[in-house]
Amino acid sequence: MPASASAALAVAALTLSTGLFAASPAQAATGTITGLAGKCLDVAGAASADGTAVQLYDCNGTSAQQWTVGSDGTIRALGKCLDVTGNSTADGAKAQLWTCTGGANQKWTVTAAHDIVNPQANKCLDVTDNNSANGTRAQIWSCTGTANQKWNAPAAGGSTPSAPMAVAPYLYNGWGSPPDPTTITQATGVKWFTLAFVLSNGYCNPQWDGSRPLTGGVDQQTVNTVRANGGDVIPSFGGYSGNKLESSCSSAGELAAAYQKVINTYGLKAIDIDLEADAYSNGTVQQRTVDALKTVKANNPGLKVYITIGTGQSGPDTSLINRAAASGLTVDAWAIMPFDFDGAGQNMGNLTVQAAEGLKNALKNAYHYSDDQAYRDMGISSMNGITDQNETVTVADFRTILGYAQQHHLARLTFWSANRDRPCTGGPADSCSGVSQSAWDYTRVFAGYTG
């Protein structure tokens, strides 16, 4: 039984100024530009020839989807500029790639409302006919505020608003044939992974699955590999099965020390506490966990702390959230696992949004947050493919979830698991999705998250 599913940084808004065409895009930021249905702005065929179409396409982590937004007003890919064909200002004029000339048809303003505007035409970059199919051309059109004109772009003058820590699929080394994280990174661009699960060995001593040592084994090798690829790991404590540290440790101080041992072993930037077994419904265990996390946060400034919990279709049980709020514990994301709630036969993308709105309301009530504060303190930890309750979470559902996360700037967007993100070929249980797909299709969708 999978134990968890698991992603965010805010997109900065700015107005781009014009500059000399000979200048490089100083103070630039590079990353994906995502739009309708969570898909990426893409250079057709990754071709750099003048006149190459600019289109909407599934996010795939390739250089054809890496755009540099500069303070000189240009938006560049593959060494050339996003350009309006024929210097036109008419509705329907197509976007293309062209050698940078400094012309007004290559100047763009990224607005706080997530429009990309060509000031010469005073029109918005637009997905033709509101069609989210791969290959749909980008064009300019009178600004209408509709979804096919909304984009999440890197921010010139600041850091790229990509969300490498927020998008960290679960990877499990405990059985079967775990995927090589290098393969996933090369195919999708995703560099962070949530490693599952740190458990108790029967006492208050953290080990992988309660039996593998923290150092020297396959899990250490995975950490080294991920870091060598420019990413990092988020160890996940808990999960569905096995002995829980939160129950085995006799006090909040002991539990905090167990968490700290793992933090120190790997020099961590983030941890995930995956609370989904019956043991966590115990009030004493809940309070011990809350108090231990308060200590961990106080002793590790800058450490991201995520809590992952189950949910019903209308939102999660609020007891732990309310207890944390009453105790003064704030975390970087409360993430729900919107599956295994008997949604078989229903649209799991829509049910995920429904459950997430329930989480938002729970956080508002417990912490007295605004809607925006609550969303930014939230995460979604989905599951790819067929769940234990025979629900089917499709790639299209992941696009729905991505769109919701982009709209509300969620702090975490992940899923259980990278092991499952491949077609089934008769391998061990829970090593594939159970649906027709190409390898890493689900990861590619969430790779487009910019926060």
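Our subject is the structure that appears above.
I will try to describe carefully the structure that is included in this document. (Residues numbered from 1 in each chain as written. Predicted model: local features only at pLDDT ≥ 70, side-chain atom pairs only at ≥ 80, totals over all residues. Heavy atoms only, no water.)

**Structural notes on the sheet that holds strand E11 (residues 138-141)**
The strands making up a sheet associate through backbone hydrogen bonding, with each pair oriented either parallel or antiparallel.
Stage number 1. Spatially, the 4 strands line up as an open sheet ordered E8-E9-E10-E11, and their pairing is antiparallel. Only two strands of the sheet have a single neighbouring strand rather than two, namely strand E8 (109-110) and E11.
Stage number 2. Relative to strand E10 (residues 123-127), strand E9 (residues 116-118) runs antiparallel, the two sharing 2 bridges. Residue pairing across strands places Val 117 opposite Cys 124, the latter belonging to E10. (Pairing = 2+ DSSP bridges. Helix = DSSP H or I, 4+ residues; strand = E, 2+ residues; numbered from the N terminus.)

**Examining the pairing of E10**
Consecutive side chains of a regular strand alternate in pointing toward one face of the sheet and then the other.
Stage number 1. A large share of E10 lies buried, amounting to 5 of its 5 residues.
Stage number 2. Two successive antiparallel strands, E9 and E10, enclose a turn made up of 4 residues, where Asn 122 displays a positive phi of approximately 55°.
Stage number 3. Looking at chain direction, E10 and E11 are connected through 4 bridges and run antiparallel. In the strand pairing of E11, Cys 124 is matched with Trp 141. (Buried < 20%, exposed > 50% of the residue type's maximum accessible area, 1.4 Å probe, protein only.)

**With respect to the state of the cysteines**
The term disulfide refers to a covalent linkage connecting the sulfur atoms of a pair of cysteines.
Stage number 1. Across all of its chains, the model carries 5 disulfides by this definition.
Stage number 2. The residue that forms a disulfide with Cys 81 is Cys 100, at a sulfur-sulfur distance of 2.1 Å. Residues Cys 81 and Cys 100 are joined by a disulfide whose S-S torsion is about 100°; by sign, that bridge is right-handed. Placement of Cys 81 in strand E6 (residues 80-84) and of Cys 100 in the loop between strand E7 (95-98) and E8 is noted, with a sequence separation of 19 residues between them.
Stage number 3. The buried category is assigned to Cys 100, whose relative accessible area is 17%.
Stage number 4. Disulfide partner of Cys 204: Cys 249, at an S-S distance of 1.9 Å. Between Cys 204 and Cys 249 the disulfide shows an S-S torsion of about 85°. By sign, it is right-handed. Highlighted residues: Cys 204 in the loop between strand E13 (193-200) and strand E14 (206-208) and Cys 249 in the loop between helix H3 (245-248) and helix H4 (252-266), separated in sequence by 45 residues.
Stage number 5. Relative accessible area serves as the criterion here: at 26%, Cys 204 is assigned to the partly exposed category. (Disulfide = S-S within 2.5 Å.)

**Concerning the environment of Gly 312**
Stage number 1. Looking at the element boundaries, Gly 312 is found in the loop between strand E17 (304-310) and helix H6 (319-327).
Stage number 2. Owing to a relative accessible area of 27%, Gly 312 belongs among the partly exposed residues under this scheme.
Stage number 3. In this structure, the C-alpha to C-alpha distance between Gly 312 and Gly 231, residues 81 residues apart in sequence, is 33 Å.
Stage number 4. Dropping the residues within four chain positions of it, Gly 312 is found in contact with Phe 341 and Ala 355. (Contact = heavy atoms within 4.5 Å.)

**Quick word on H6**
Stage number 1. When we look at burial in H6, the residues that qualify are Leu 320, Ile 321, Ala 324 and Ser 327. Seen end-on, H6 carries its buried residues on one side only, within an arc spanning 135°.
Stage number 2. Downstream of H6 by a residue or two, Gly 328 has a phi angle that is positive, lying close to 85°. (Arc of directions from axis to C-beta.)

**Quick look at the packing of helix H5 (residues 283-299) against H6**
Stage number 1. Two numbers describe how H5 lies on H6: the axes approach to 10 Å, and their chain directions differ by 45°. On the basis of their axis angle, the class for H5 and H6 is oblique. The two elements H5 and H6 cross, and the hand of that crossing is right-handed. Here H5 contributes Gly 283, Gln 286, Gln 287, Val 290 and Lys 294 to the contact with H6, which in turn contributes Ser 319, Leu 320, Arg 323, Ala 324 and Ser 327. (Axes fitted to C-alpha atoms, helices over the stretch in contact; angles between N-to-C directions. Parallel < 35°, antiparallel > 145°, perpendicular 65-115°, else oblique. Left-handed = near helix turned anticlockwise from the far one by under 90°.)

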